[in-house]
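# Architecture and fold: a report
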Amino acid sequence: MATTTLKERVIDRIKHYWLLARFDRPIGILILLWPALWALWVASDGRPDFLVLIVICLGVVLMRAAGCVINDYADRDFDPHVERTKQRPIAAGKVTPKEALIVFVVLCLCAFGLVLMLNSYTIMLSFIAAFLAASYPFMKRYTHLPQAYLGIAFGFAVPMSFSAQINSIPPVAWVMYLAVVLWALVYDTMYAMVDKDDDLKIGVKSTAILFGAYDRHIMAILQMIIIGLLLAVGQMRQLGWPYYAGLLAASGFSVYQQKLIFHREKAQCFKAFLNNNWFGLAVFAGLVMAYWLR
């Protein structure tokens, strides 16, 4: 029987850690990155500091990865019973829970090392962000609103981006933050609709279960509120027509998502979740053009 070399074993571990952190699925990175970029562009009037831009972008990548790792650690007893997650590294026995915790700590330390390059205000905020990201996966045991907590946790990149760029968090940042929290609630509910049947069997809570037969209606209302809040951001910063054109395009994507989830088919719900990447891009493109044409 052939034995594996040290190099092969190291490559194998790296492969499974890569999958554990979901680096093979960048859609999650993009959806979390768009709000951070919105915030940086608004905070800097379209001219973000290059170092801040790099640190925030890399920080989002690392903290999203850390969030995925701690999520799989928290769900290690649930994932083997869910069709979509049973092949994840911990659920499949490819990575031990202890290894996952080590990977989580390493990712957090790397992210913190980046934050140390920013101002003291942002460094202090990073502790709140780390707590929110680490505690989010456990919320589905205690509340039907883990999707809202996800928004609070990963939307925290918005106030952090403002603090990193201008060393303060003005009112417009909180309006944008609320929009991002509600946006995460919407797209993660679409994601939760995919697992609704399995979650009901194993006792995991979600907004997809809480909203019940009114899920589409509640999300439609939330999507309108999100657009309204983003319109308010435009008014507060006196942004030009390209920004509103971007919001119009984003509204179109929201309507399309409603069409996708109409029959609550799992594949279509997941497609609706993925489509939120285009929503985020549309808003960002509008912001970039609005500031570029000033």
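Our structure is the block above this text.
The text that follows walks through the structure, step by step, so that each part is easy to find. None of these values were measured; they are calculated from a predicted model.

### A few points about the nonpolar core
In this structure, Trp38, Phe162, Met176, Leu230, Tyr243 and Phe279 are the most contacted members of the largest nonpolar core, which totals 96 residues. At 18 residues, helix H8 (residues 171-194) tops the list of elements feeding residues into this core.

### What to know about the packing of H8 against helix H13 (residues 266-292)
Close contact between H8 and H13 brings their axes to 7 Å; oriented N to C, the two are set at 155°. With respect to their mutual orientation, H8 and H13 come out roughly antiparallel. Handedness of the H8/H13 crossing: left-handed. In this structure, H8 uses Trp183, Tyr187, Met190, Tyr191, Met193 and Val194 to contact H13, whose residues at the interface are Lys266, Cys269, Phe270, Ala272, Phe273, Asn276, Phe279 and Gly280. In terms of residue class, the contact of H8 with H13 is built from 11 nonpolar, 2 polar and 1 charged.

### Things to note about a nonpolar patch on the surface
On the surface, Trp241, Met289, Trp292 and Leu293 cluster together into a nonpolar patch covering about 530 Å² of accessible area. Met289 sits in the partly exposed class, given a relative accessible area of 34%.

### Observations regarding the environment of Tyr136
Secondary-structure assignment places Tyr136 in the loop between helix H5 (120-135) and helix H6 (146-154). On a C-alpha basis, the gap between Tyr136 and Arg264 in space is 25 Å, while along the polypeptide they are 128 residues apart. Discounting chain neighbours no more than four positions away, the residues touching Tyr136 are Asn71, Pro146, Tyr149, Leu150 and Asp188.

### Focus: the state of the cysteines
Under the counting rule described, the total for this entry stands at 0 disulfides. As a non-bridged cysteine, Cys108 has Cys110 as the owner of its nearest cysteine sulfur, 9.3 Å distant.

### Notes on the packing of aromatic side chains
Tallied over the entire structure, the rule returns 14 aromatic pairs. Both rings, one in Trp38 and one in Trp183, keep their centres 5.4 Å apart while their planes meet at 20°; by these two values the pair is stacked. Of this pair, Trp38 sits in helix H2 (residues 27-43) while Trp183 sits in helix H8, and the two are 145 residues apart along the sequence. Each member of the aromatic cluster is reached from another via a ring pair, and the members are Trp38, Trp183, Tyr187, Tyr191, Phe270, Phe273 and Phe279. For the cation-ring pair, Arg216 lies above Phe262, with the distance from its terminal atom to the ring centre recorded as 4.3 Å.

Reading guide: rules and limits
Residues numbered from 1 in each chain as written. Predicted model: local features only at pLDDT ≥ 70, side-chain atom pairs only at ≥ 80, totals over all residues. Heavy atoms only, no water. Core = buried A, V, L, I, M, F, W, Y, C linked by side-chain atoms within 4.5 Å. Buried < 20%, exposed > 50% of the residue type's maximum accessible area, 1.4 Å probe, protein only. Helix = DSSP H or I, 4+ residues; strand = E, 2+ residues; numbered from the N terminus. Axes fitted to C-alpha atoms, helices over the stretch in contact; angles between N-to-C directions. Parallel < 35°, antiparallel > 145°, perpendicular 65-115°, else oblique. Left-handed = near helix turned anticlockwise from the far one by under 90°. Contact = heavy atoms within 4.5 Å. Nonpolar A, V, L, I, M, F, W, Y, C, P; charged D, E, K, R; others polar. Patch = residues over 30% accessible without salt bridge, like charges linked within 9 Å, V, L, I, M, F, W, Y side chains within 5 Å. Areas by Shrake-Rupley, 256 points an atom, 1.4 Å probe, with all protein chains shown as cover. Salt bridge = Lys/Arg side-chain N within 4 Å of Asp/Glu carboxyl O. Disulfide = S-S within 2.5 Å. Phe/Tyr/Trp six-rings, centres within 6.5 Å; stacked < 30°, edge-to-face > 60°. Lys NZ or Arg CZ within 6 Å of the ring centre and 35° of its normal.

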